[in-house]
Amino acid sequence: MQKYLIRRIILVIPTLWLVISILFLVLNALPGDYVTIKLANLEASGATKIEAEIVGEVEVERTLHRVVGGDTLDTLALKYGVGVADIVANNRSLDADSELRPGSTIVIIDGQLLSSISRTARLALPENTEDGVALLVERNPDVEFGTFAGELFAPAGVTLTLRESTTLRELAVVNRVGPDDYMNVNEEGTPANEDGSLTIDTPLLPGQKFISPTREITEASIKNQLGIDKPLGTQYLEYLWDTIRFQFRPSFQTNEPSMDIFLRSLPRSLHLTVYALIVAVVVALPVGILSAMRQDQWVDYALRGFAILALAAPAFWIATMMIFVVSPGGIFEGGLWSIPLTEESARSIFTSVDGFFALYTIPAVAGGIAAGAGLMRITRSELLEVLRQDYVRTAWSKGLRERSVIRRHALRNALVPVLSVFGLQLAALVGGNIILEILFNIPGIGLMLIQRLYQADIPVIQTAVFFLALFVIIVNIVIDISYALIDPRIRYD
């Protein structure tokens, strides 16, 4: 048994790899622009584009520090990398022994660091502030720059030239967005593109108005956030590594962890699946046994007809007919009970037992009848096969009662194939309850998957399908092990 389990567990690894690889390729091949959907969602939630202006000059101000509790001249000198004497020199009301009053403002530099001006004016990328400082020095040859803590600064009151012109391409680079993001919001008729002649390389002069997209709603930024700006092969390897570590990417649309979304939907689906399985077993085994025991009698024909009808009728149709029967205004004017479709507490047996049975009974019975019909037919056929065996005839010849022959000799041997079908039915129920969850407004995995497919929310879909595949594999391993418990002749060496 141990060797068999080890082999099966090892086999799980390539099986899961194949499942998640196919899933990755299929989802990336599906039509649907999730970047556009994300943009629409962000704009609807308040992210927007803003009107901006090309800034050509800036007047340098003093660099100030607002004192908070615990600040001293020594701590400020250490924080800004200067001496206490330098701070005192810029603040005539202070001396080396002065206590700083919280809420007061002191001058740190009688001007501003060029690196700070560069970052504020977006002259270069934040990590390349040296380039921005060099540009400021080059564009202001008449300004005498000082040094503070080893960095250049411009004196207060000086007007610095930031740029004489720029382009959308340059703005896109320093803002880490795509040039097309600027072109998309500066359409014909907007201030910078009134005649439609604007390009990404058209010079924009100081004082000129243009539209700037916020970084949250730019296509390049969204692709970077979602991790889809990399080559497909790199995305695949990162996806495999994240799956191995159970570190699933957050939702494309809400940024909520995919695992949290899946775990929130799982209990509702388990409620429905377990309830439906109970109905299926309660229907299948007694009906299948009775049909086999009364072969070719009217009871057998009636039960077989019921099974065929249940197999032919879709679960959602059965559920719809049952709703018509129990709801007010249907067959019974007052109705048998009201289905709490919008009551949150009814979605869990732990919060409302009565509400749970009122909500889940119809979908569970509909799904259980469909699953139980298949189990009933296989139970009947296998039991008939076993009843023809010699050891069963021997049991009959000993004068044993019918119940003892069926229960002690025939049923256990007939259950091995039934278990195989049971495993398939369990997997079918987990994935096949989608329509029932939609019909009864049960926010389970099926309803969640449909919603996320509409939103092209790939990480959530990948997470849910991965765990569903893992669940089916585990169920099949458990069923294989149970064969040996039911039939002693089966051994796993």
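You'll find the structure just up there.
Reference entry: report on the structure contained in this document. Every value quoted in this text rests on a predicted model; they were computed, and no experiment measured them.

Structural notes on the packing of aromatic side chains
The way to describe two aromatic rings as a pair is by their centre distance and the angle between their planes.
Okay, so step 1: Going through the model one piece at a time under the given rule, you end up with 11 aromatic pairs.
Okay, so step 2: Taking the centre distance of 6.1 Å and the plane angle of 75 degrees together, the rings of Phe246 and Phe248 count as edge-to-face.
Okay, so step 3: Looking at Phe248, the relative accessible area reads 15%, which means it is buried.
Okay, so step 4: Through successive ring pairs, a cluster of aromatic residues spans Phe246, Phe248, Phe262, Phe466 and Phe467.

Focus on the side chain of Thr167
Okay, so step 1: Mapped onto the elements of the fold, Thr167 is located in the loop between strand S8 (159–161) and helix H7 (168–174).
Okay, so step 2: With residues up to four places along the chain from it excluded, the contact list for Thr167 reads Ile200, Asp201, Thr202 and Pro203.

Points about the nonpolar core
Okay, so step 1: Counting residues in hydrophobic clusters, the biggest one holds 42 residues, and the most contacted among them are Leu359, Tyr360 and Phe440.
Okay, so step 2: Looking at this core, the elements that each hand over two or more residues are helix H11 (258–293), helix H12 (298–312), helix H13 (315–326), helix H14 (353–387), helix H16 (402–432) and helix H19 (458–486).
Okay, so step 3: Top element by residues in this core is H14. It accounts for 12 residues.
Okay, so step 4: Leu27, Tyr239, Ile261 and Leu470 belong to the second-largest nonpolar core, a separate cluster that totals 28 residues.

As for the environment of Leu359
Okay, so step 1: Relative to the helices and strands, Leu359 is located in helix H14.
Okay, so step 2: With 81 residues separating them in the primary sequence, Leu359 and Phe440 have C-alpha atoms 7.6 Å apart.
Okay, so step 3: Sequence-distant contacts of Leu359, that is, excluding residues within four places in its chain, are made with Ile339, Pro340, Leu341, Ala346, Arg347, Phe440 and Ile442.

Some points on the sheet that holds strand S5 (residues 111–113)
Okay, so step 1: Taken together, 3 strands build an open sheet; the order of strands is S5-S7-S6 and the sheet is antiparallel. Strands at the two margins of the open sheet, each flanked by one partner only, are S5 and strand S6 (146–148). For this sheet the average axis-to-axis angle between neighbouring strands, irrespective of direction, equals 45 degrees.
Okay, so step 2: Pairing analysis gives 3 bridges linking S5 to strand S7 (residues 151–155), with the strands arranged antiparallel. The partner of Leu113 across the bridge, within S7, is Phe153.
Okay, so step 3: Across the sheet, helix H5 (residues 114–121) touches S5 and S7, and the angle it forms with S5 is around 75 degrees.

A word on the packing of H11 against H12
Packed helix pairs are specified by the crossing angle of their axes together with the interaxial distance, meaning the distance between the axes.
Okay, so step 1: At a minimum axis distance of 9 Å, the contact between H11 and H12 shows a crossing angle of 145 degrees. H12 is crossed by H11, and the crossing has left-handed handedness. For the pair formed by H11 and H12, the contact residues are Val283, Val287, Leu290 and Ser291 on the first element and Val299, Asp300, Leu303, Arg304 and Phe306 on the second.
Okay, so step 2: Classifying every residue of the contact of H11 with H12 by side-chain character gives 6 nonpolar, 1 polar and 2 charged.

Some points on the environment of Gly374
Okay, so step 1: Position of Gly374 relative to the elements: it lies in helix H14.
Okay, so step 2: Of the residues examined, Gly374 reaches a relative accessible area of 16% and is grouped as buried.
Okay, so step 3: A sequence separation of 90 residues divides Gly374 from Ala284, and the C-alpha atoms of the two residues are 7.9 Å apart.
Okay, so step 4: Non-local contacts of Gly374, meaning those with residues more than four positions away in its chain, are made with Leu311 and Gln425.

Brief notes about the side chain of Thr463
Okay, so step 1: Its location among the elements puts Thr463 in helix H19.
Okay, so step 2: Taking relative accessible area as the criterion, Thr463 reaches 0% and is therefore assigned buried.
Okay, so step 3: Excluding anything up to four places from it in sequence, Thr463 contacts Phe248, Ser258, Met259 and Phe262.

Side note on a nonpolar patch on the surface
Okay, so step 1: Judged by side-chain polarity, Phe316, Trp317, Met321, Ile435 and Leu439 come together as a nonpolar surface patch covering roughly 460 Å² of accessible area.
Okay, so step 2: At the level of elements, H13 and helix H17 (434–439) are the ones that each hand at least two residues to the nonpolar patch.
Okay, so step 3: The element best represented in the nonpolar patch is H13, accounting for 3 residues.
Okay, so step 4: Among the secondary structure elements, Leu439 is positioned in helix H17.

Details of the packing of H5 against helix H6 (residues 129–139)
Okay, so step 1: In the contact formed by H5 and H6, the axes pass within 8 Å of each other and the chain directions differ by 100 degrees. Classified by the interaxial angle, the pair formed by H5 and H6 is roughly perpendicular. On H6, the residues touching Leu114, Ser115, Ile117, Ser118 and Arg119 of H5 are Thr129, Gly132, Val133, Leu136 and Val137.
Okay, so step 2: Of the residues contributing to the contact of H5 with H6, the split by class is 5 nonpolar, 4 polar and 1 charged.

Basis of the calculations
Residues numbered from 1 in each chain as written. Predicted model: local features only at pLDDT ≥ 70, side-chain atom pairs only at ≥ 80, totals over all residues. Heavy atoms only, no water. Phe/Tyr/Trp six-rings, centres within 6.5 Å; stacked < 30°, edge-to-face > 60°. Buried < 20%, exposed > 50% of the residue type's maximum accessible area, 1.4 Å probe, protein only. Helix = DSSP H or I, 4+ residues; strand = E, 2+ residues; numbered from the N terminus. Contact = heavy atoms within 4.5 Å. Core = buried A, V, L, I, M, F, W, Y, C linked by side-chain atoms within 4.5 Å. Pairing = 2+ DSSP bridges. Axes fitted to C-alpha atoms, helices over the stretch in contact; angles between N-to-C directions. Left-handed = near helix turned anticlockwise from the far one by under 90°. Nonpolar A, V, L, I, M, F, W, Y, C, P; charged D, E, K, R; others polar. Patch = residues over 30% accessible without salt bridge, like charges linked within 9 Å, V, L, I, M, F, W, Y side chains within 5 Å. Areas by Shrake-Rupley, 256 points an atom, 1.4 Å probe, with all protein chains shown as cover. Salt bridge = Lys/Arg side-chain N within 4 Å of Asp/Glu carboxyl O. Parallel < 35°, antiparallel > 145°, perpendicular 65-115°, else oblique.

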